[in-house]
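# Summary of structural features
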Amino acid sequence: MTQRHYFLQHVAQTSKAPIAIEIARAEGCRLWDVNGKSYLDLIAGISVANTGHRHPKILAAIEKQLQNYMHVMVYGELIESPQVHYARALVQNLPSNLNSVYFTNSGAEAVEGAMKLAKRFTGRTNIASFDKSYHGSTQGALSLMGDEYWRNAFRPLLPGISHLEYDSVPDLDLITPETACVVMEPVQAERGVVIPSLTWINAVQKRCKETGALLILDEIQTGFGRTGSLWAFEQLGFVPDILLLGKALGGGLPLGAFISDINIMKVLTENPVLGHITTFGGHPICCAAGLAGLELLIEEKLVDHVEEKAQIFRKLLVHPRIKSVRSKGLLIAVEFSGFEENKAIIDACIEKGVFSDWFLFAPHCLRIAPPLNISAEEISEACNVILACLS
Ligand code: PLP
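Residue numbers restart at each chain and count upward from 1, following the sequence in its written direction. With the structure being a predicted model, the display of local features is reserved for residues of pLDDT at least 70 and the display and counting of side-chain atom pairs for 80 or more, all residues being used for whole-chain, interface and lining totals. To get the side-chain values, take all heavy atoms of the structure and skip hydrogens and water.

### Details of the site of the ligand
Proximity is defined per residue: any heavy atom of the residue falling within 4 Å of a molecule or strand makes that residue near it. Close to the ligand lie Ser106, Gly107, Ala108, Tyr134, His135, Gly136, Glu185, Asp218, Ile220, Gln221 and Lys247, which account for all nearby residues. Between Ala108 and the ligand, the recorded distance is 2.8 Å, taken from a backbone N or O atom to an oxygen atom. Contact distances for the ligand include 2.7 Å between a nitrogen atom and a side-chain N or O atom of Asp218. Using a 1.4 Å probe, the Shrake-Rupley method yields the accessible areas, and only the shown protein chains count as cover for residues. A total of 390 Å² of accessible area belongs to the ligand in isolation, and the protein chains cover 81% of it. Any pair of nitrogen or oxygen atoms within 3.5 Å is treated as a polar contact; in protein, a donor-acceptor pairing is required on top of that, and neighbouring residues in sequence qualify only through side-chain atoms on both sides.

Here it is, written out as structure tokens:
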């Protein structure tokens with residue numbers, strides 16, 4: 001029996017056609033399979049490996065923490081220095097109202113914690129999210145998801161959720177004084193990189209202020225430099241009440257976080273005490289790796305070059321079969337006329353050693369979200385392969 005057989009038999013499957021390449025190694029912007037074939041990684045584990053795979057500084061931070069301790073106690077009881085160091089570093093790189101970090105294991109768990117926090121702080125129960133939004137797959141996060149096809153089979157879900165049209169000012173009237181929070185992405189990644197107008201962003205903020213609803217910004221996919229600034233909200237001229245982080249937060253290890261003001265966060269300490277509990281959230285190894293990743297982003301000034309790298313992709317990706325290229329920094333959707341065409345191109349790219357996939361709500365768009373330290377040569381190599389697959 002092959003490893004593929006055991007993979008299909010014993011590792012629970014959620015897709016009828018998994019890519020099923022057996023990976024042997026990953027380094028920088030490349031993956032290698034067990035046959036020694038290399039792949040230029042255009043998706044970074046879906047916006048996780050922002051500093052590339054297995055960066056030596058991240059490996060050193062993991063090894064250093066391994067010498068001290070791994071899991072010692074459930075979240076929030078003992079002082080675990082990796083959590084404290086990382087929370088401080090995050091707060092130092094955020095506006096002053098985002099000063100208290102709750103670490104979770106995943107992005108979806110950060111979403112769950114933030115929804116609970118907003119309900120508890122405001123004493124309200126209704127929540128607004130947006131059409132074609134993706135916030136994770138647990139039941140609360142799924143309730144927010146803006147697509148009936150994905151939600152319907154799992155009902156009943158959370159009550160009191162309104163799904164508003166993204167980038168539509170009139171729909172904002174559905175945010176009312178009964179709304180606990182509005183959960184929003186600064187760019188709708190899984191819709192195929194849809195960038196809202198600044199007018200709408202301003203109107204969302206204004207409506208939240210008018211109604212007292214907390215604004216929760218999901219930067220799980222857009223954070224850590226992906227869009228050309230450390231946080232996407234820096235380009236939007238506002239500061240959320242609660243910020244959600246995940247994916248690149250752990251430097252390649254599992255970590256999520258919801259971050260808010262300590263005066264909001266403290267409602268989780270009473271009535272009931274232990275308002276949000278996790279065993280492994282903020283695992284010391286993950287926090288050590290994440291901190292090393294954040295330091296790398298800053299030291300190597302990776303964010304400063306995101307936009308110029310995005311421009312190289314845009315300049316090279318010109319072909320009659322490409323209908324459009326939408327990008328916010330190195331979060332790029334290359335649009336084709338349909339899923340069949342896109343899938344055939346993705347398969348051909350993988351065959352030629354360039355690794356990509358499509359977006360959840362935009363199966364006709366090829367995803368480009370590489371490590372931010374991808375070089376100009378690697379970008380040319382990737383674009384040449386994509387263009388060769390189109391001809
Ligand atoms: N929010 C956004 C915008 C995401 O892209 C994702 C994952 O793709 C999540 C939340 C959920 O994160 P996780 O898969 O870590 O639960």
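Once the structure has been displayed, the description carries forward.
### Remarks on the domain arrangement of the protein
Note: domain ranges come from an automatic or database domain assignment. Segmenting the protein into domains produces domain 1 (3–54 + 301–390) and domain 2 (57–299). In this structure, domain 1 and domain 2 have C-alpha centres spaced 26 Å apart. In this assembly, 27 residues from domain 1 lie in contact with 34 residues from domain 2. Counting each side, the surface lost to burial between domain 1 and domain 2 is near 2,600 Å², with a carbon and sulfur contribution of 63%. By convention in these notes, a salt bridge is any Lys or Arg side-chain nitrogen within 4 Å of a carboxyl oxygen on Asp or Glu. Seen at the junction of domain 1 and domain 2, the total is 1 salt bridge. Across the domain 1-domain 2 interface, the total number found is 18 residue pairs in polar contact (both at pLDDT 80 or more). Note on contacts: a residue pair qualifies if any of its non-hydrogen atoms lie within 4.5 Å across the two residues. Reported buried area values correspond to the accessible surface (1.4 Å probe) lost by two parts on association, with both partners' losses combined.

### Side note on the packing of helix H11 (residues 306–316) against helix H13 (residues 376–390)
Pairs of packed helices are described in terms of their axes, by the angle between the two and the distance that separates them. Whenever a helix is involved, its axis is fitted only over the stretch in contact; in every case the axis is a line through C-alpha atoms, and angles between N-to-C directions fall within 0 to 180 degrees. Helix numbering and strand numbering both begin at the N terminus, where a helix is a DSSP run of H or I of at least 4 residues and a strand a DSSP run of E of at least 2. Two elements in contact, H11 and H13, have axes separated by 10 Å at closest approach and are oriented at 25°. Judged on the interaxial angle alone, H13 and H11 are roughly parallel. Relative to H13, H11 is oriented so that their crossing is right-handed. Contact with H11, carried on its side by Lys309, Ile312, Phe313 and Leu316, involves Ala376, Ile379, Ser380, Cys383 and Leu387 of H13 and no other residues of that element. Polar here means any residue other than Ala, Val, Leu, Ile, Met, Phe, Trp, Tyr, Cys and Pro, which are nonpolar, and Asp, Glu, Lys and Arg, which are charged; Gly is therefore polar. Of the residues assigned to the contact of H11 with H13, the class counts are 7 nonpolar, 1 polar and 1 charged. Here roughly perpendicular refers to angles of 65 to 115 degrees, roughly parallel to angles under 35, roughly antiparallel to angles over 145, and oblique to all remaining angles. Two helices cross in a left-handed way if the nearer one is turned anticlockwise from the farther one by less than a right angle. They cross in a right-handed way if the turn is clockwise.

### With respect to the nonpolar core
In terms of nonpolar packing, the biggest core is built from 103 residues, with Tyr86, Leu90, Phe103, Phe224 and Phe313 touching the most fellow members. No other element matches the 8 residues that H13 contributes to this core. Counting only domains with at least three residues in this core, you end up with domain 1 (3–54 + 301–390) and domain 2 (57–299). Other than its neighbours up to four places away in sequence, Phe103 contacts Tyr75, Gln83, Tyr86, Ala87, Leu90, Leu255, Gly256, Ala257, Thr278, Gly281, Gly282 and Cys287. By size, the runner-up hydrophobic cluster in this structure holds 9 residues, among which are Ala189, Val193, Ala333 and Ala369. Throughout, nonpolar core names a set of buried Ala, Val, Leu, Ile, Met, Phe, Trp, Tyr and Cys residues whose side chains join them through atoms within 4.5 Å. Using a 1.4 Å probe on the protein chains alone, a residue whose accessible area is under 20% of its type maximum counts as buried, one over 50% counts as exposed, and one in between counts as partly exposed.

### What about the sheet that holds strand S5 (residues 126–130)?
The sheet built from 7 strands is open, its strands ordered S4-S10-S9-S8-S7-S5-S6 with mixed pairing. Each edge of the sheet is formed by a strand with only one pairing partner; in this case those strands are strand S4 (100–104) and strand S6 (161–164). Adjacent strand axes in the sheet meet at a mean angle of 20° when their direction is disregarded. Pairing between two strands requires that DSSP report at least two bridges joining them. The pairing of strand S9 (residues 242–245) with strand S10 (residues 256–260) spans 3 bridges and is classified as antiparallel. Each bridged residue has a counterpart across the sheet, and for Leu243 the counterpart in S10 is Ile259. Its contacts with the sheet put helix H4 (residues 81–92) on S4 and S9, and the angle it makes with S4 is roughly 125°.

### Remarks on the state of the cysteines
To count as a disulfide, a pair of cysteine sulfur atoms needs to be within 2.5 Å. Overall, the coordinates contain 0 disulfides when judged by the stated rule. Left without a disulfide partner, Cys181 is nearest to the cysteine sulfur of Cys208, which lies 8.9 Å away. Cys389 provides the cysteine sulfur closest to Cys349, a residue in no disulfide bond, and the two sulfurs are 3.9 Å apart.

### A word on the side chain of Arg151
With respect to the secondary-structure elements, Arg151 resides in helix H7 (residues 148–152). When residues no more than four places from it in sequence are discounted, the contact partners of Arg151 are Leu142, Ser143, Met145, Gly146, Leu157 and His163.

### Some remarks on the pattern of salt bridges
The final tally for this structure, using the stated rule, is 16 salt bridges. We note a salt bridge from Glu210 to Arg207, for which the minimum N-O separation is 2.8 Å. Remark: Arg207 and Glu210 occur in helix H8 (residues 198–211); sequence separation between them is 3 residues, near one turn of the helix. Taken together, the shared-partner salt bridges connect Arg25, Glu27 and Arg54 into one network.

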